[in-house]
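Understanding the architecture of this molecule
These are the residues of each chain, in order.
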Amino acid sequence: NLALVDSLRQQKSLAEQASLDKSRFLAAASHDLRQPVHALGMFVGALRREHVSERARELIEHIDGSVSAMDDLFTSLLDVSRLDAGVIESHPEIFSIDAVLTRIERDLAPEAERKGLSFRVRPCTERVHCDPLLLERVLRNLASNAVRHTDRGGVLLGARVRGTELSIEVWDSGRGIPRNQQERVFQEFYQLHNPERDRGMGLGLGLAIVRRLTRLLNCGLDRKSTRLN
C-alpha cells in the first residue's frame, strides 16, 4: 500500500508539472500565437475599403465575426495559461474604487440599454489597496457576464464597507444558477443556457479567469443565486 501511495504521488507530481510546463509554453508563445489573428483582422479591414459586391461584403462581415471570436478565444486561453504559469503578477497600490466603477458603467451601460436593461452604479468614496488593473478585470468580467445573462430588469454595481474590508458586489435580475451548478460555472468552458455553444454568449472562460485573478489578488469571491421560476 505504501508503494502504491508513493507511485500515485509521483504520477500526480508529474501530471502537475506537465500542466505547468504547458501553461508556461503558451504564456511564452502568446505573442507569436496571436500575430496571425491580428494579421487577419488587418486584412479584413483592408477588404472593407475595397469596392466589392453586396454578397462579398456579407462574406467579409462573416469573416470578421469569426476572426473576432477567434481573437477572444485566444485572449481568454492565453490569460488562463499566463495565470496558471505565474507570469501575471499583482502590483498593489492605493486608488479610488469609484473611478473603476465609473469606467465599467461607461463601457457596459450602452450594451445594457440595447437589451432594454438598466445599468446602475452606486457611488463609493472609499480607497482600496489592490492591483487596479487586475481588480478592474475581475469586476468587468462579472458585470459583463451579468449583462449577458440578464433578459429583463437590470444590473447594479456597488461597494460597501464590511469591517476593515470593502465588499464590491454585482447584483442582477438574471435567470439564476441552480445550487448544484454554482461551483461548476467557475470551471473552464462550462456554460449554462448555451447547449448550442453560441459565441454571442461567451466562451465559458470569464468566470474561470475571475477565480484565478481573485486568488492572485488574495481577495474573497462569493456568490448567491436564487431562481424564481
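Below is a short write-up of the structure. The structure presented is a predicted model; accordingly, all values stated were derived computationally and were not measured. (Residues numbered from 1 in each chain as written. Predicted model: local features only at pLDDT ≥ 70, side-chain atom pairs only at ≥ 80, totals over all residues. Heavy atoms only, no water.)

1. Let's talk about helix α5 (residues 132-148)
Taking 1.5 Å as the rise per residue, α5 with 17 residues should run 24 Å; its terminal C-alpha atoms sit 24 Å apart, in good agreement. Looking only at α5, the buried set comprises P132, L134, L135, E136, V138, L139, N141, A143, S144, A146 and V147. Regarding α5, its N-cap is D131, as a side-chain oxygen of that residue lies 3.0 Å from the backbone nitrogen of L133 further along. (Helix = DSSP H or I, 4+ residues; strand = E, 2+ residues; numbered from the N terminus. Expected span 1.5 Å × (residues − 1). Buried < 20%, exposed > 50% of the residue type's maximum accessible area, 1.4 Å probe, protein only. Polar contact = N/O pair within 3.5 Å; in protein donor to acceptor, adjacent residues only side chain to side chain.)

2. Overview of the pattern of salt bridges
Applying the stated criterion across every chain yields a total of nine salt bridges. The closest approach of N and O atoms between R55 and E58, which form a salt bridge, is 3.4 Å. With R55 and E58 both in helix α3 (residues 54-85), this residue pair falls three residues apart, about one helical turn. For E58, a relative accessible area of 37% puts it in the partly exposed group. Notably, a salt bridge pairs R140 with E136, separated by 2.6 Å at the nearest N-O pair. Placement of both R140 and E136 in helix α5 is noted, with a separation of four residues, approximately one turn of the helix. A relative accessible area of 22% places R140 in the partly exposed class. Residue classification places E136 among the buried residues on the basis of a relative accessible area of 10%. (Salt bridge = Lys/Arg side-chain N within 4 Å of Asp/Glu carboxyl O.)

3. Comments concerning the packing of helix α4 (residues 97-114) against α5
α5 packs onto α4 with a crossing angle of 30° between their chain directions and a minimal axis gap of 10 Å. As judged from the angle between their axes, α4 and α5 are roughly parallel. In the packing of α4 onto α5, the handedness of the crossing is right-handed. Contacts between α4 and α5 involve I97, V100, L101, R103, I104, D107, L108, E111 and A112 from the first element and L135, E136, L139, R140, A143, S144 and V147 from the second. Residue composition of the contact of α4 with α5, by class: 10 nonpolar, one polar and five charged. (Axes fitted to C-alpha atoms, helices over the stretch in contact; angles between N-to-C directions. Parallel < 35°, antiparallel > 145°, perpendicular 65-115°, else oblique. Left-handed = near helix turned anticlockwise from the far one by under 90°. Contact = heavy atoms within 4.5 Å. Nonpolar A, V, L, I, M, F, W, Y, C, P; charged D, E, K, R; others polar.)

Keep in mind that these numbers describe shape and distance, not what the molecule does.
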